Amino acid sequence: MLSKTATYILGILVLIGTLLGYISPALALAIGMVCGIFKVADQDSIQNSKNFQKTLLQLSVVGLGFGIHMQQAIEVGSNSFFITLITIVCTFIIAFAIGKILKSERITTILVASGTAICGGSAIAAVSPSLKADSSQTSISLAIVFLLNAVALFIFPYIGHYFELDQLQFGTWSAIAIHDTSSVVGAAEVYGNVALNVATTTKLVRTLWIIPLVLIISFGSNSKEKFAFPWFIFGFIGAMLINSYVPLAEAFSEHIVWIARKALIFTLFLIGLQINISQLKKLGFNILIVGIFTWVVLGVVSLLYVLHYI
């Protein structure tokens, strides 16, 4: 295991490689995962990186808003509204059906379905209090989401090229079928600037579905717990407004977007650090099958949608 100093040096090297363009989103995640799974990095440093990773991800997403025009956001949001609603409902139906067949634990099934349907870890964190989920149920759900996110980040660009998806199609597909915002943006960033803008906007519009989801779950469970709404979405909207309607924004918007994209890649390295053997061991076979099957069906259905309707 590396010392705390060596771990920080590793992080600095990854950051420098990212800024110089030598480290892609997939490579950054892979380096982090290797360090996390094989306990290469100092564990205290990994623990301390969690809050920083969350803040950096939020700031990165806000920064990406400076590369999107409001009119484009409205158009993308309106075009993806119905497919978003349909896929969210279908995801829960499939998860519950498979969960019932395999007799997987109910709360964990709901958490995995929430993360798959909307926005990965953010959705799981938001609905956990309403479900009164314990730390084990939450960590298992997060581990499944992180694992499938890692797979998606690597394979989605290849699948997109195989089916000859254009950037609009790929951006829409990745926003629907990949769990977390970080992996959505990471995969789309590799595909191209248009795909990145479409994916970011579509994913954040999708994230707003956290509100009705938590309200429904809270009503059903009679829970009075507060949920963790991702307030950084309003920062993203503010950035789009500035980019769209403030003339002076052209002078700095491009630079902010560049910094945000690099910061996001580094965020994937930090996320990878948090995946470890103990998390993977907690993955029950039944709930893992629920997560994988639900995600695959969502990916196939959304791919067919973008191939035929976009």
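Conventions adopted
- The residue count restarts for each chain, going from 1 along the sequence in the order it is written.
- Predicted model: local features are reported for residues with pLDDT of at least 70 only, side-chain atom pairs are reported and counted for 80 or more only, and whole-chain, interface and lining totals are derived from all residues.
- Side-chain metrics rest on all non-hydrogen atoms present in the structure, leaving aside hydrogens and water.
- UniProt positions are given in the numbering used here, feature names are shortened, and annotations may be inferred rather than shown by experiment.
- The numbering of helices and of strands both runs from the N terminus, where a helix is a DSSP run of H or I of at least 4 residues and a strand a run of E of at least 2.
- Computation of the radius of gyration draws on C-alpha atoms, with the globule rule given as 2.2 Å multiplied by the number of residues to the power 0.38.
- Between buried and exposed lies partly exposed: a residue is buried under 20% and exposed over 50% of the maximum accessible area for its type, with that area taken using a 1.4 Å probe on protein chains only.
- Here, two residues are considered to be in contact whenever any of their heavy atoms come within 4.5 Å of each other.
- Methods summary: accessible areas were calculated by the Shrake-Rupley approach with a probe of 1.4 Å, and residue burial reflects only the protein chains presented.
- A positive count includes Lys and Arg, and a negative count includes Asp and Glu. His and the chain ends are not counted in either.
- Every charge is mapped onto a representative atom, which is NZ of Lys, CZ of Arg, CG of Asp or CD of Glu.
- Whenever two N or O atoms come within 3.5 Å, that pair is a polar contact, provided that in protein one can donate a hydrogen and the other can accept it, and provided that, for residues adjacent in sequence, both atoms are side-chain atoms.
- What we call a nonpolar core is a set of buried Ala, Val, Leu, Ile, Met, Phe, Trp, Tyr and Cys residues that are connected through their side-chain atoms within 4.5 Å.
- Without a salt bridge and with relative accessible area above 30%, a residue can belong to a patch; like charges are then joined within 9 Å and nonpolar side chains (Val, Leu, Ile, Met, Phe, Trp, Tyr) within 5 Å.
- The rule for a salt bridge is simple: a side-chain nitrogen of Lys or Arg has to be within 4 Å of a carboxyl oxygen of Asp or Glu.
- Geometry of aromatic contacts follows a simple scheme: Phe, Tyr and Trp rings, the Trp one being its six-membered ring, pair when their centres are within 6.5 Å, and the pair is stacked under 30 degrees between planes, edge-to-face over 60, tilted otherwise.

The name an unreviewed UniProt entry assigns to the chain is Putative sulfate exporter family transporter, from the organism Flagellimonas hymeniacidonis. According to UniProt, the comment filed for the chain under the heading Sequence similarities (unreviewed entry) is "Belongs to the UPF0324 family." Under the Subcellular location (unreviewed entry) heading, UniProt states for the chain: "Cell membrane".

(A) Main features of the overall build of the chain. On a plain count of helices and strands, the chain comes out with 15 helices and zero strands. Relative to a compact globule of 310 residues, whose C-alpha radius of gyration would be 19 Å, the chain shows 19 Å and is just as compact. By principal-axis analysis of the C-alpha atoms, the chain measures approximately 55 × 50 × 45 Å. The 310 residues of the chain split such that 55% are buried. When contacts within the chain are restricted to residue pairs at least 6 apart in sequence, those whose partners lie at least 24 apart make up 83%. Accessible surface for the chain amounts to roughly 14,400 Å². Of this, 69% is attributable to carbon and sulfur atoms. Of note, the chain has its 16 positive side-chain charges centred 14 Å away from the centre of its 12 negative side-chain charges.

(B) Examining the side chain of Thr200 more closely. In this structure, Thr200 sits in helix H10 (residues 193-207). A distance of 2.7 Å separates a polar atom in the side chain of Thr200 from the backbone oxygen of Leu196. Ignoring sequence-local partners within four residues, the contact set of Thr200 consists of Leu64, Ile68, Val185 and Phe236.

(C) Examining the nonpolar core more closely. Ile118, Phe156, Phe170, Trp173 and Phe269 are the most contacted members of the largest nonpolar core, which totals 74 residues. A per-element tally of this core places helix H7 (residues 135-162) first, with nine residues. With residues near it in sequence (within four places) discarded, Ile118 still touches Ile88, Ala123, His179, Lys203, Arg206, Thr207, Trp209, Ile210 and Leu213.

(D) Focus on a nonpolar patch on the surface. Taken together, the side chains of Tyr162, Phe163, Ile292, Val296, Val300, Leu304 and Leu307 make up a nonpolar region of the molecular surface, amounting to roughly 640 Å² of accessible area. By residue number, the principal contributor to the nonpolar patch is helix H15 (residues 285-309), which donates five residues. By relative accessible area, which is 40% here, Val296 ends up partly exposed.

(E) Structural context of the UniProt feature "transmembrane region" (unreviewed entry) in the chain. Per the UniProt entry, the sites bearing "transmembrane region" (unreviewed entry) are residues 6-35, 80-98, 110-128, 140-159, 204-221, 227-246, 258-277 and 283-307 in this numbering. Helix and strand shares over residues 6-35 are 83% and 0% respectively, and the end C-alpha atoms of the span are 12 Å apart. Annotated as residues 80-98, this span is 100% helix and 0% strand, and its ends, taken at the C-alpha atoms, are 26 Å apart.

(F) Region of interest: unusual backbone geometry. Phi at Lys103 takes a positive value of approximately 60°, unusual for a residue other than glycine. Its location among the elements puts Lys103 in the loop between helix H4 (70-102) and helix H5 (106-119). Even without being glycine, Glu164 reaches a positive phi, approximately 55°. Its location among the elements puts Glu164 in the loop between H7 and helix H8 (167-177).

(G) The packing of aromatic side chains, seen in detail. Within the structure shown, the criterion is met by eleven aromatic pairs. Aromatic pair Phe66 and Phe252: ring centres 6.1 Å apart, planes at 70°, arrangement edge-to-face. In this pair, Phe66 sits in the loop between helix H3 (43-64) and H4 while Phe252 sits in the loop between helix H12 (232-245) and helix H13 (253-273), placing the two residues 186 residues apart along the sequence. Looking at Phe252, the relative accessible area reads 34%, which means it is partly exposed. Arranged with centres 5.2 Å apart and planes meeting at 85°, the rings of Tyr162 and Phe163 form a pair that is edge-to-face. For Tyr162, a relative accessible area of 68% gives the class exposed. Joined through ring pairs, the aromatic side chains of Phe156, Phe170, Trp173, Tyr191 and Trp295 make up one cluster.

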